[in-house]
Amino acid sequence: MPSLLPHDLCHERNASPAPGNPVPVIPNNVSDKILLLPHTHTHKSLIVSSSKQLLAVYPENSLLCRSSCLVGSASCVFSPGPIWEELRATDKQQFRPGAGRIGQREDELKVPRFVGPLGTIIIKCKDFRIIQLDIPGMEECLNIASSIEALSTLDSITLMYPFFYRPMFEVIEDGWHSFLPEQEFELYSSAISEWRLSYVNKEFSVCPSYPPAVIVPKAIDDDALRKVATFRHGGRFPVLSYYHKKNGMVIMRSGQPLTGTNGRRCKEDEKLINATLRAGKRGYIIDTRPLNIAQQARAKGGGFEQEAHYPQWRRIHKSIDRYHILQESLIKLVESCNDQTQNMDRWLSKLEASNWLTHIKEILTTACLAAQCLDREGASILIHGTEGTDSTLQVTSLAQIILEPRSRTIRGFEALIEREWLQAGHPFQQRCAQSAYCNSKQKWESPVFLLFLDCVWQILRQFPCSFEFNENFLIMLFEHAYASQFGTFLGNNESERCKLKLQQKTMSLWSWVNRPSELSKFTNPLFEANNLVIWPSVAPQSLQLWEGIFLRWNRSSKYLDEAYEEMVNIIEYNKELQAKVNLLRRQLAELETEDGVQESP
């Protein structure tokens, strides 16, 4: 799991750390039960202690920093390595005086009555970890609780930790410029004659959730794109998502058409998507909503493509859930995983009731359908749901992982995240505002990105040699999407990120990940480049609970880590033996050549 380097410091706003403030170091054996002792009653500093051992002093105006454990609307982190906590992600806090639990909080703190000398704060984290803080004294406990409360309810994004984080490691690569649309477009060199890079949205005036540059058919000019944008939800007109070099077919994505109850049409929209078809070919429109939901959307001004206006396209409706349904599913799953008292029947029943694996199956099934249309039927496809920012991106991304070997490499997957999630306008700030422990019913919160990562893990588990990255890479992305010292996942779209000036004021996650010392942690030792399409099984027997995410705090990973290290050692030893074999073969060939020369007359 990612942790800060020993020399990574969190600078104060317009200031450097005071010389007298030690960099906190948490020993490797620290547990989730941590004793906090306020240094004074005025919040000037906090002393973190475990087993009566002094660990660190935190000045009042220091931002505490994140490492491996994320808490709700703030982040409270305790893990090996230097820790300046960033309280950005507390899903829930519970306060217990002495032996009794007094209350729990969502939006306000309930003042505990202290029966004994010890107060307890339980912090439930965004990465599903639960931390217990034991604090002597009522006033000290309340002081710490109010500090957590203040830092977990920041009024502005600019007060979040990425704006204060100042890494001391050498920046080898500027991650903000690693995956620009122009660079990605160059990869489609074989398609340049049919497609172009349009800057119609350079001021974000056509579509606020699209990036300034998008790839569109060359036959469609910018004026037509503006008209199409008025016909699509949120201005999200159809743009290129993926070009299949094998046969020239494409995946496009968009928002739903605004047909309404009157059956409104847009000839420019029809011309745009028809421009992707070859002569005599049909295409597929994959709507990620069931037909009844798509029909209901017409009453609100939305709708779907009418066959009469799109005769060359066949529409297919799939059922991928969104919003609160996914959030409730995650809450049920994590609750079940944390219950250590249930028997086998109850565990399996609660796992089924969560419907989490059902969501995984539906998403993977739709992605396989999209990949099949492209690769086996030689047809281009258009994918959309309602907004085109959630289930649409899940399907387009997973289809590319199935079809495109580059997307299964580390840099290729990073480019996929940038192109299909960040630049494509997935609202990370809204979707990842809270996690599984938050009971407040926020309309926009949903584990869409976590479900996508889970789907990738399912494919990785079925094809362990076809991915350059390992499970830790996916876990790292999950953690940073919910709370991070980097600015990559801040904001809901490129327009917001530009207004926040994230490139100038924060560090990109890719600048840290792509350093050789970090890449080694995320590299799959079993990887062998596979240029073939991989077809994952979506049968219920093939899908498993992702223990690395949902059970990692409930069971020891000691033996799994030891087994992994042993596997790596065996692979390295095998490489050494193979190198020796190759050397001996070359030497034998040279000797045979010399003998042949000597024997010739």
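Just so it is clear, the structure is predicted and the values come from calculations on it, not from any experiment.

Some points on the sheet that holds strand E15 (residues 250–253)
Pairing between the strands of a sheet is mediated by backbone hydrogen bonds and can be parallel or antiparallel. With respect to topology, 5 strands assemble into an open sheet ordered E14-E15-E18-E16-E17, the strand pairing being mixed. Edge positions in the sheet fall to strand E14 (239–243) and strand E17 (313–317), since each of these pairs with one other strand and no more. Strand-to-strand twist of the sheet, defined as the mean angle between neighbouring strand axes without regard to direction, takes the value 25°. In the sheet, E15 pairs with strand E18 (residues 381–384) via 3 bridges, with the strands oriented parallel. The residue bridging Ile251 from the neighbouring strand is Ile381, located in E18.

Some remarks on helix H6 (residues 323–338)
In an α-helix there are 3.6 residues to a turn, and that puts residues three or four apart on one side. With 16 residues, H6 should cover 22 Å at 1.5 Å per step; its first-to-last C-alpha distance of 23 Å lies within 8% of that length. For H6, every residue scored as buried is listed here: Tyr323, Leu326, Gln327, Ser329, Leu330, Ile331, Leu333, Val334, Ser336 and Cys337. Its buried side turned inward, H6 meets helix H7 (344–354), helix H8 (356–375), helix H11 (428–431), helix H12 (448–462) and helix H18 (547–550).

Quick notes on unusual backbone geometry
Keep in mind that most residues, glycine aside, have a negative phi and that most peptide bonds are trans. Positive phi outside glycine occurs at Phe204, with the angle close to 60°. Within the secondary structure, Phe204 sits in the loop between strand E12 (195–198) and strand E13 (214–217). Its relative accessible area of 15% is what places Phe204 among the buried residues. For Tyr323, which is not glycine, the phi dihedral falls at a positive 50°. Tracing the chain through its elements places Tyr323 in helix H6. A relative accessible area of 12% places Tyr323 in the buried class.

Re the environment of Arg264
Summarising the element assignment, Arg264 is placed in the loop between E15 and helix H4 (267–274). For Arg264, a relative accessible area of 38% translates into the label partly exposed. Sequence separation between Arg264 and Gly301 is 37 residues; the distance between their C-alpha atoms is 9.5 Å. With residues up to four places along the chain from it excluded, the contact list for Arg264 reads Thr230, Phe231, Leu258 and Thr259.

Section: the packing of aromatic side chains
How two aromatic rings sit relative to each other is set out by the distance from centre to centre and by the angle between their planes. A complete count under the given rule lists 25 aromatic pairs for this structure. For the pair Phe467 and Phe469, a centre-to-centre distance of 5.4 Å together with 70° between the ring planes defines the contact as edge-to-face. Each member of the pair Phe467 and Phe469 is classed as buried. One Lys or Arg, Arg376, reaches over the ring of Trp535 and ends 4.4 Å from the middle of that ring. Here the basic side chain of Arg515 rests over the ring of Phe169, its NZ or CZ set 4.4 Å away from the ring centre.

Here we look at the layout of surface pockets
In this structure, the second largest pocket encloses a volume near 630 Å³. For the lining of the second largest pocket, the secondary structure elements donating two or more residues are helix H5 (291–297) and H6. Residues belonging to the lining of the second largest pocket are distributed by class as follows: 8 nonpolar, 9 polar and 6 charged.

Looking at the packing of H12 against helix H13 (residues 471–482)
Two elements in contact, H12 and H13, have axes separated by 10 Å at closest approach and are oriented at 180°. In this view, H12 runs roughly antiparallel relative to H13, as classed from their interaxial angle. Between H12 and H13, the residues in contact are Phe449, Leu450, Leu453, Val456, Trp457 and Leu460 and Glu471, Leu474, Leu477, Phe478 and Ala481, respectively. Looking at the contact of H12 with H13 residue by residue, the classes come out as 10 nonpolar, no polar and 1 charged.

About the cut-offs
Residues numbered from 1 in each chain as written. Predicted model: local features only at pLDDT ≥ 70, side-chain atom pairs only at ≥ 80, totals over all residues. Heavy atoms only, no water. Pairing = 2+ DSSP bridges. Helix = DSSP H or I, 4+ residues; strand = E, 2+ residues; numbered from the N terminus. Axes fitted to C-alpha atoms, helices over the stretch in contact; angles between N-to-C directions. Expected span 1.5 Å × (residues − 1). Buried < 20%, exposed > 50% of the residue type's maximum accessible area, 1.4 Å probe, protein only. Contact = heavy atoms within 4.5 Å. Phe/Tyr/Trp six-rings, centres within 6.5 Å; stacked < 30°, edge-to-face > 60°. Lys NZ or Arg CZ within 6 Å of the ring centre and 35° of its normal. 1 Å grid on protein atoms, 1.4 Å probe; cavity = no way out; pocket = protein on both sides within 12 Å on 5 of 7 lines; lining within 4 Å. Points joined across faces, edges and corners; volume = space filled by probe spheres on them. Nonpolar A, V, L, I, M, F, W, Y, C, P; charged D, E, K, R; others polar. Parallel < 35°, antiparallel > 145°, perpendicular 65-115°, else oblique.

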